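Analysis of the macromolecular model
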Amino acid sequence: MADSPGYIGRLRMVPKSLWVLVVQFAVFSLLVPNFFAVSNFENILRVSSILMLASLGQAIVIILAGVEFSVGSAVALCSIVAVFAVQSVSVPMAFAAGFVIVLVIGAINGTLIAYAKLPPFLATLAMLMLVHGVASLAVGGLPIEAPVSESFYWMGRGKAFGIPVPILLAAFGLVVHYILLSKTTFGRQIYLVGSNERAAHLSGIAVNRIKFLGYVAAAGFVAVSGLILTSRVASGQPNLIPNLPFETISACAVGGLSLAGGRGSTLQVLVGVLIIAMLNNSIVLLNLPTAFQLAVLGFVIIAAVVFQTTPDRFSFLSMRAAFAQKTKPQGDA
Amino acid sequence: MMTNVSTTTAQQWSPTGILSGAAALICLIAASIGFSMALPNFGSPGNAANILLQFGPLALLALGQMCVILVRGFDISVGAVLALSSVTAALAIEQFGIFGLIAAPLTGLALGILNGILVGLLSIPPIIATLGMLLFARGLALLISNNGQVVLVTGAPQMQLLDFSFGQFLSIPYSALLTFGVFLAVAIFLKRMRAGRRLFLIGGDPEAARLVGTPVTRGFVLAYGLCGALAGLAAVLILTKTGAGLPTDGVGMELNAIAAAVIGGSLLTGGVASPLRVLFAALFIQVVQSGLSFSAVSPYAGEVVMGLVILIAGLLDQITRRKLQTITMH
């Protein structure tokens, strides 16, 4: 990153995905009825808060050159633990239990990847199945309902200062995420470990610890998103949101994060989530069937990524080569 | 070029490779013996035939997954491609009779080639390309099936499908024979034919492969096309079993398929593929699922077992690799 970018340099630093968002916003405002309305904006933000917080977590892992597939299962187990716990303890304690269980899953992922050196894909895929299996076993595969209580609903459906609580939490999450990644030593170390693990190690960074803590920090964001969803649906479900890992990864990719790691900003995650959220919202406003929503979303994800990667067409392959270099066993002649 | 070919060949025969390959077979044998001893009727020939009848779709999906993992990718669209293929084939059978069945592998092949173009030519990361395809194929399957309704095959073709499903040769179901045949064909293609061998080169080091003039993009299209076509073949097996196109089927199957490929010794860093081990892994998963349903344990325990097996296989692989390193260093 340049130290003092000029005017053009500054303009170049604006993520490409932001232009996509601006154009999309203008087009939807003109063409989609009822899109340009404060109530609709509030609706988009409220609905997208869950994806936002989970994607913020996913972004940390992606910047670490990893990937996290178990977020959907973790959120599902979070909902089940919270609903089980609320039957015997107060709502805040129950939510704390749900929060902690996601952190535990994050810590297991972190241990497997940082210390046991398993590939992130493999470890989190195994955890996806393992945690989903445990969640399903705990409730026999069927949803369990939370007892009716205003305080349980507050996080997902309530308002504070006239603003829906999920939006406030997502905004808070964005601020924390930005400070964590851009203003703290830990955050800068995450970028270095993600872009070049060996260089990070040689410059004295405790690579394993950064990786481990990165997965735990990511789990913190995912946990909040899980609690919002739990509160909104007021039940514990093993199949609460199975596509969450894919949705968060695509939100990050659409926002412009490189899946090779080492690059990406909070702003890009925000933009990626909003692009997907506005798209889903417009499809609902236009009253198109869900089938359309899926097909269009698939097309847009690919188009957005193609748009951002076209100039360096083969960067992906050279990235893979670099990755192979990095993961080659050391000491090998 | 020669060095590259020999390193990839050496990789396959490295001790770690043999260990992770044996892992699938050991798991299969252990699970079969364990369940047979614990459950009185599990070891019967009838149940063995039943397992063979059911393992086809997962095995074919896992085989396709192995092909794309070989070139350092993976394909999470196979479940949705399977669903779409089964619907297009069911619709084609309505129109053209039983020969419409060929629409399934053709649909899969087309979508797979599209995946290959996205990954190979446009350099889109596999997870994004195949996620886009997952959403697209699922959406299309719902659209052409009147919003997710089952497309029933009626009349004479239905009987022909069911005849195939119940047919046996030496008490091995036709579907299992077809699966074994496909595995053999893919194995011969990968190990004995030039285009197949090239995939190992590409997976071992795509940049080097490009430098020595290997058609890398074509290799990606080939691997993903094969994966899609195999998903289409899996749809054929499902069609013969159920006699209907199922637009909402196959959800989550991509994960089981990837798991089977990984248990079958595929390394996500590419360059390794063994159809035989993947066959064992798919059989193992089917044995575990069948055994759990026999023993009235919740089927969800199967997922826990699979997760644990992946973790243990990965850890064992890691430990042996570290052992090897210390040996070579001293």
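Residues numbered from 1 in each chain as written. Chains lettered and ligands numbered in written order. Predicted model: local features only at pLDDT ≥ 70, side-chain atom pairs only at ≥ 80, totals over all residues.

1. Focus: the overall build of chain A
Scanning chain A from N- to C-terminus turns up 15 helices and 4 strands. By the burial criterion, 49% of the 333 residues in chain A qualify as buried. (Helix = DSSP H or I, 4+ residues; strand = E, 2+ residues; numbered from the N terminus. Buried ≥ 20, exposed ≤ 12 C-beta atoms within 10 Å, placed from the backbone.)

2. Some points on helix H12 (residues 244–255) of chain A
All names here are of chain A. An ideal rise of 1.5 Å per residue puts 16 Å on 12 residues; H12 measures up with 16 Å between its terminal C-alpha atoms. Within H12, the full set of buried residues consists of Leu244, Pro245, Phe246, Glu247, Thr248, Ile249, Ser250, Ala251, Cys252, Ala253, Val254 and Gly255. One or two positions beyond H12, positive phi appears at Gly256, with a value near 110°. (Expected span 1.5 Å × (residues − 1).)

3. Notes on unusual backbone geometry
Most of the time, phi is negative for any residue but glycine, and the peptide bond is trans. A positive phi angle, close to 55°, is found at Phe161 of chain A, a residue other than glycine. In this fold, Phe161 of chain A is placed in the loop between strand S2 (159–160) and strand S3 (163–164).

4. Remarks on the confidence of the model for chain B
Residues and elements named next belong to chain B. Chain-level pLDDT for chain B is 81 on average; 91% of the residues reach the 70-or-more range. Here helix H1 (residues 2–12) stands out as the least confident element of chain B, with mean pLDDT 40; helix H6 (residues 103–121) is the most confident, with 92. Counting contacts from residues 1–18, a segment whose pLDDT is below 50, to residues more than four positions away or on other chains yields 24 contacts. Two summary scores accompany this predicted model of the complex, namely pTM at 0.82 and ipTM at 0.78. (pLDDT = per-residue confidence, 0-100. Contact = placed C-beta atoms within 7 Å.)

5. Considerations on the interface of chain B and chain A
Each side of the interface is counted separately: chain B has 49 residues, and chain A has 51 residues. Those elements giving two or more residues to the side of chain B that touches chain A turn out to be helix H7 (126–144), helix H11 (206–211), helix H13 (253–263) and helix H15 (300–329) of chain B. Considering every element that reaches the side of chain B that touches chain A, the biggest residue donor is H15 of chain B, with 16 residues. Of the residues assigned to the side of chain B that touches chain A, the class counts are 31 nonpolar, 12 polar and 6 charged. (Nonpolar A, V, L, I, M, F, W, Y, C, P; charged D, E, K, R; others polar.)

6. Points about helix H12 (residues 216–242) of chain B
One turn of an α-helix holds 3.6 residues; hence residues three or four places apart share an orientation. Residue and element names in this part refer to chain B. End to end, H12 covers 39 Å across 27 residues, agreeing with the expected 39 Å (1.5 Å per residue, within 8%). Counting buried positions along H12 gives 23 out of 27 residues, so the element sits mostly inside the fold. Taken from the residues just after H12, Gly243 is the one with a positive phi, measuring 65°.

7. Thoughts on the packing of helix H8 (residues 165–183) of chain A against helix H9 (residues 185–195) of chain A
All names here are of chain A. Between H8 and H9, the shortest axis-to-axis distance is 5 Å and the interhelical angle comes to 70°. One element, H8, and the other, H9, form an angle in the roughly perpendicular class. In contact with Leu180, Leu181, Ser182 and Lys183 of H8, H9 contributes Phe186, Gly187 and Ile190. Looking at the contact of H8 with H9 residue by residue, the class counts come to 4 nonpolar, 2 polar and 1 charged. (Axes fitted to C-alpha atoms, helices over the stretch in contact; angles between N-to-C directions. Parallel < 35°, antiparallel > 145°, perpendicular 65-115°, else oblique.)

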